[in-house]
Amino acid sequence: MAVIQAGGMYLIPTPERPVDDLPTTHLLRTIDGLNALTDAANVLVYHAMRHPAEFPQEDADTLVRQGKQAHKMMHKLDEMLPSDDFIMTMDSYGPDVMAEYATNAAIIIASTFALDVMVYYDKSFIRTGKDKRKAMFRDFQGAYRAARDECLSRSEGHEFLIKELTSAHRAMQKVLKAL
């Protein structure tokens, strides 16, 4: 349930933290979601470590590495993003694009980690195909995949835009140097 609730923290807007509050609000909600996913993963790993005969430790170690990588990437995204005040006062769309890019990347990271946690849970804790949790997990895996895929699609558009802006910026710098 914790994995499912964590997704609700960043995939579903709430009255306490609406999507359009500030430019970085959705990114912060996604970071909160990743933290909740990490808490759930830590419980699973701790349980696996306490019962090494029942749970392959390599799988638990892999989940730990995936979590560390997700947090490392999320930290980089959070650091690269300017403050809400800067984004809102800048007379340019650049900071808005940065915030949108960082948020999409954060959703990709958090959703991928959610899927990793669910795969680990399914493989390690669900013993039969008739287990009711298996069907529930499939539904939520679909939601996480859909969110991740949508953001991957958006990020492709961002990549194109960033390449074009970089090219235009270089050309403009050459012209300015020639003047």
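Here, every reference points to the structure presented above.
Residues numbered from 1 in each chain as written. Predicted model: local features only at pLDDT ≥ 70, side-chain atom pairs only at ≥ 80, totals over all residues. Heavy atoms only, no water.

Asks: If you had to explain the nonpolar core to someone new, which residues and values would you point to?
Replies: In terms of nonpolar packing, the biggest core is built from 42 residues, with Phe113 and Tyr144 touching the most fellow members. Broken down by secondary-structure element, the contributors of at least two residues to this core are helix H1 (2-11), helix H2 (25-50), helix H3 (57-80), helix H5 (94-125) and helix H6 (132-178). Among the elements that take part in this core, H5 stands out by supplying 16 residues, more than any other. Sequence-distant contacts of Tyr144, that is, excluding residues within four places in its chain, are made with Val3, Ile4, Ala6, Gly7, Tyr10, Leu11, Leu37, Ser111, Ala114, Leu115 and Met118. (Core = buried A, V, L, I, M, F, W, Y, C linked by side-chain atoms within 4.5 Å. Buried < 20%, exposed > 50% of the residue type's maximum accessible area, 1.4 Å probe, protein only. Helix = DSSP H or I, 4+ residues; strand = E, 2+ residues; numbered from the N terminus. Contact = heavy atoms within 4.5 Å.)

Asks: Give me the lowdown on the side chain of Thr103, citing residues and values where you can.
Replies: Mapped onto the elements, Thr103 comes out in helix H5. By relative accessible area, Thr103 is classed as buried at 9%. Residues contacting Thr103, with those up to four places away along its chain left out, are His26 and Leu27.

Asks: I'd like a rundown of the packing of aromatic side chains, residues and numbers included.
Replies: Per the stated rule, a full pass over the model turns up three aromatic pairs. Relative to Phe125, the ring of Tyr121 has its centre 5.1 Å away and its plane inclined at 15°; by these criteria the two rings are stacked. Taken together, the residues Tyr121 and Phe125, both in helix H5 and four residues apart, mark about one turn of the helix. As far as burial versus exposure is concerned, Tyr121 and Phe125 are alike and both buried. One aromatic cluster is present, formed by Phe55, Tyr120, Tyr121 and Phe125 through successive ring pairs. (Phe/Tyr/Trp six-rings, centres within 6.5 Å; stacked < 30°, edge-to-face > 60°.)

Asks: Now, about a nonpolar patch on the surface: what can you tell me, with residues and values included?
Replies: A grouping of Met172, Val175, Leu176 and Leu179 is seen on the molecular surface, where their side chains present a nonpolar patch of about 450 Å² in accessible area. With respect to the helices and strands, Leu179 occurs in the segment after H6. With relative accessibility at 81%, the residue Leu179 sits in the exposed group. (Patch = residues over 30% accessible without salt bridge, like charges linked within 9 Å, V, L, I, M, F, W, Y side chains within 5 Å. Areas by Shrake-Rupley, 256 points an atom, 1.4 Å probe, with all protein chains shown as cover. Salt bridge = Lys/Arg side-chain N within 4 Å of Asp/Glu carboxyl O.)

Asks: Quick one: what's the story with H1, residue by residue and with numbers?
Replies: Quick reminder: α-helices carry 3.6 residues per turn. Residues three or four places apart thus point the same way. Those residues of H1 that fall on the buried side of the exposure criterion are Val3, Ile4, Ala6, Gly7, Gly8 and Tyr10. For H1, the elements touching its buried residues are H2, H5 and H6.

Asks: Before we move on, can you summarise the side chain of Thr25 with the specific residues and values?
Replies: Summarising the element assignment, Thr25 is placed in helix H2. By relative accessible area, which is 6% here, Thr25 ends up buried. A distance of 3.0 Å separates a polar side-chain atom of Thr25 from the backbone nitrogen of Leu22. (Polar contact = N/O pair within 3.5 Å; in protein donor to acceptor, adjacent residues only side chain to side chain.)

Asks: Requested: an account of the environment of Asp96, with residues and values cited.
Replies: Take Asp96: it is sitting in helix H5. Separated by 73 residues in the primary sequence, Asp96 and Pro23 place their C-alpha atoms 7.2 Å from one another.

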